[in-house]
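# Overview (structure and organization)
Now for the letters of each chain:
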Amino acid sequence: MASVKKVKLCNVRDINEGEIKGFRVENKNIMVIKIDNKIYVYDALCTHRNCNLARMGLLKNNRIICTCHETEFDIETGKPISGLARKPLTKYEFEVEDDIINIIIP
Ligand code: FES
């Protein structure tokens, strides 16, 4: 059976409403998004040409917009809705324990 790894990211209070915050863990660029008090965790690299969405991303109308070449990703699924990217963003499962966000790395 494949093993999974749980990695501590941050406290939920470290992320402001409407913010995309980047982390580097396990050699991966991860972004945590908080919007409408809901948290999303994705790989931060745009699937078009690897712009880091923690720096180059904007949130608008439930979309993550890569400002490098304007691809828009659905915030719920990570799928590209418009623009140049064809692959969805990798979404990470996570748990919140005592206000700490731990992501699950498969
Ligand atoms: S790198 Fe994101 S749209 Fe091109």
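Structure: above.
Remember, it's a predicted structure, so these values are computed and weren't measured experimentally.

Reading guide: rules and limits
Residues numbered from 1 in each chain as written. Predicted model: local features only at pLDDT ≥ 70, side-chain atom pairs only at ≥ 80, totals over all residues. Pairing = 2+ DSSP bridges. Helix = DSSP H or I, 4+ residues; strand = E, 2+ residues; numbered from the N terminus. Axes fitted to C-alpha atoms, helices over the stretch in contact; angles between N-to-C directions. Core = buried A, V, L, I, M, F, W, Y, C linked by C-beta atoms within 7 Å. Buried ≥ 20, exposed ≤ 12 C-beta atoms within 10 Å, placed from the backbone. Contact = placed C-beta atoms within 7 Å.

Strand pairing in a sheet takes place through backbone hydrogen bonds and is either antiparallel or parallel in direction. Strand order in this open sheet of 4 strands is β5-β6-β7-β8, and the pairing throughout is antiparallel. With one partner strand each, in any of the chains shown, β5 (57-60) and β8 (80-82) form the two edges of the open sheet. Strand-to-strand twist of the sheet, defined as the mean angle between neighbouring strand axes without regard to direction, takes the value 35 degrees. Here strand β6 (residues 63-66) runs beside strand β7 (residues 72-74); their pairing, made up of 3 bridges, is antiparallel. Residue pairing in the sheet places Ile64 in a bridge with Phe73 of β7.

Counting residues in each nonpolar core, the largest one holds 20 residues, and the members touching the most others are Ile30, Met31, Val32 and Leu53. For this core, the secondary structure elements donating two or more residues are β3 (28-35), β4 (38-43), α1 (53-56), β6 and β10 (100-105). In terms of residue count, the dominant contributor to this core is β3 (4 residues). Each residue touching Met31, except ones within four places of it in the same chain, is listed here: Ile20, Lys21, Gly22, Tyr42, Ala44, Leu53 and Ala54.

Quick look at the sheet that holds strand β2 (residues 19-25) now. Reading across from one edge, β2-β3-β4 is the order of the 3 strands in this open sheet, with antiparallel pairing throughout. Of all strands in the sheet, those with a lone pairing partner are β2 and β4, marking the two edges. On average, each strand axis in the sheet is tilted by 25 degrees relative to the strand beside it, whichever way the strands run. Where β2 meets β3, 7 bridges bridge the pair, whose relative direction is antiparallel. Looking at the pairing, Gly22 lines up with Met31 of β3.

Located in the positive-phi region is Asn27, a residue other than glycine, with phi close to 60 degrees. Along the chain, Asn27 turns up in the loop between β2 and β3. Using a count of 5 C-beta atoms within 10 Å as the deciding quantity, one classes Asn27 as exposed. Non-glycine residue Asp99 carries a positive phi angle of around 70 degrees. Within the element layout of this structure, Asp99 appears in the loop between β9 (94-97) and β10. According to the C-beta neighbour criterion, Asp99 is exposed, with 10 such atoms within 10 Å.

Of note, Asn37 is situated in the loop between β3 and β4. Among the residues examined, Asn37 registers 7 C-beta atoms within 10 Å and is labelled exposed. C-alpha separation for the pair Asn37 and Glu17, spaced 20 residues apart in sequence, amounts to 6.7 Å.

Turning next to the pairing of β6. Residue alternation in β6 divides its side chains into a buried set, Ile64 and Cys66, and an unburied set, Arg63 and Ile65. Relative to β6, β5 runs antiparallel, the two being bridged by 4 bridges. From the neighbouring strand, Gly57 faces β6, where its bridge partner is Cys66. In this structure, the hairpin formed by β5 and β6 is closed by a connection of 2 residues, where Asn61 is found at a positive phi of approximately 50 degrees.

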